[in-house]
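One letter stands for each residue in the lines below.
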Amino acid sequence: VNANIPTIKRNGGSNAAAVAIDPTTGEVRGLIGSYDWSDKDFGKVNVATSLRQPGSSFKPIYYSQALADGTITPATVLHDVKTDFGGGYVPLDADKKFRGDVTVRNALDWSLNIPSVEVMQKVGIDKAVQTAQRMGLSSIDDKKNNYGLSLALGAAEVTPLQMTNAYAA
């Protein structure tokens, strides 16, 4: 955490946390809640237990459901092209490039946003929320927050501790 805080601050961040969980037992093996407890502005915030948007780390949650349902396979072709998903929602990939047809394997590996929204659309928001809750992401609730398809890009809030636990599974 300390080694990365200069880069985090250069990019507009103000704090950092880390969580390590034993995947076989679920035991928290390490938890750093803040980069510097004595920092007067942000130090006394336990980021590991604070709600944060998970961004692209949320993608494997609903991809796993789509794979389990057979909605997609690793070889399914998705479309990384400019797409209006309705209501003017036109997400872009981080590099603002379009790759055309890509496999699920590559879309997830490259963390492509447009194909990920396509997968969310196939899975359905309700099913994605149910999957997230089943995996321990209890703060995600589409009845309270109408995420829409932006949920695909991690618009909901979870704690890093919950997210780490979901990945431990």
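The rules behind these values
- Residues numbered from 1 in each chain as written.
- Predicted model: local features only at pLDDT ≥ 70, side-chain atom pairs only at ≥ 80, totals over all residues.
- Heavy atoms only, no water.
- Helix = DSSP H or I, 4+ residues; strand = E, 2+ residues; numbered from the N terminus.
- Buried < 20%, exposed > 50% of the residue type's maximum accessible area, 1.4 Å probe, protein only.
- Phe/Tyr/Trp six-rings, centres within 6.5 Å; stacked < 30°, edge-to-face > 60°.
- Core = buried A, V, L, I, M, F, W, Y, C linked by side-chain atoms within 4.5 Å.
- Contact = heavy atoms within 4.5 Å.
- 1 Å grid on protein atoms, 1.4 Å probe; cavity = no way out; pocket = protein on both sides within 12 Å on 5 of 7 lines; lining within 4 Å.
- Points joined across faces, edges and corners; volume = space filled by probe spheres on them.
- Nonpolar A, V, L, I, M, F, W, Y, C, P; charged D, E, K, R; others polar.
- Pairing = 2+ DSSP bridges.
- Lys, Arg positive; Asp, Glu negative; His and termini not counted.
- Salt bridge = Lys/Arg side-chain N within 4 Å of Asp/Glu carboxyl O.

Chemist: Help me out: how do you make sense of the environment of S150 in this one?
Modeler: Relative to the assigned elements, S150 resides in the loop between α5 (125-134) and α6 (160-168). Among the residues examined, S150 registers a relative accessible area of 23% and is labelled partly exposed. When the C-alpha positions of S150 and S116 are compared, they lie 10.0 Å apart, and in sequence the two are 34 residues distant.

Chemist: Looking at this structure, I do not really get the packing of aromatic side chains. What am I missing?
Modeler: Two numbers describe a pair of aromatic rings. These are the distance of the centres and the angle of the planes. Applying the stated criterion to the full structure yields two aromatic pairs. Centre to centre, the rings of F58 and Y62 are 5.7 Å apart; their planes meet at 50 degrees, and the pair counts as tilted. When sorted by exposure, F58 lands in the same class as Y62, which is buried. Here Y62 and Y63 contribute two aromatic rings whose centre-to-centre distance is 5.5 Å and whose plane-to-plane angle is 35 degrees, an arrangement assigned as tilted. The exposure class assigned to Y63 is buried, which follows from its relative accessible area of 0%.

Chemist: What am I meant to see in the nonpolar core here?
Modeler: The nonpolar side chains of soluble globular proteins are, as a tendency, buried together. One finds F58, L137, I140 and L151 to be the most contacted residues of the largest nonpolar core, which totals 30 residues. Within the residue set of this core, elements represented by two or more residues are α2 (59-69), α3 (104-109), α4 (113-123), α5 and α6. Per-element tally for this core: the top contributor is α4, with five residues. When neighbours within four sequence positions are excluded, I140 is seen to be in contact with F58, V129, A132, Q133, Y147, L151, A156, E157 and V158.

Chemist: How do you make sense of the layout of surface pockets when you look at a structure like this?
Modeler: It is a probe the size of a water molecule, rolled over the atoms, that shows where empty space is left. Space inside the largest pocket adds up to approximately 440 Å³. The wall of the largest pocket is formed by 18 residues, among which A17, V47, R52, Q53 and P160 lie closest to the centre. Among the secondary structure elements, those contributing two or more residues to the lining of the largest pocket are β1 (18-21) and α6. Among the residues forming the lining of the largest pocket, the class breakdown is eleven nonpolar, six polar and one charged.

Chemist: Just to check I follow, could you spell out the pairing of strand β2 (residues 28-32) for this structure?
Modeler: Side chains on a regular strand alternate between the two faces of the sheet. The pairing of β1 with β2 spans four bridges and is classified as antiparallel. The residue of β2 that forms the bridge with A18 is I32. Joining the antiparallel neighbours β1 and β2 is a turn of six residues, in which G26 adopts a positive phi near 80 degrees.

Chemist: I tried to follow the side chain of D22 on my own but got confused; where do I start?
Modeler: Residue placement: D22 occurs in the loop between β1 and β2. No salt bridge is formed by the buried D22. Its closest oppositely charged neighbour is R29, at 4.4 Å. Once you skip the residues sitting within four places of it in the chain, D22 turns out to touch E27 and R29.

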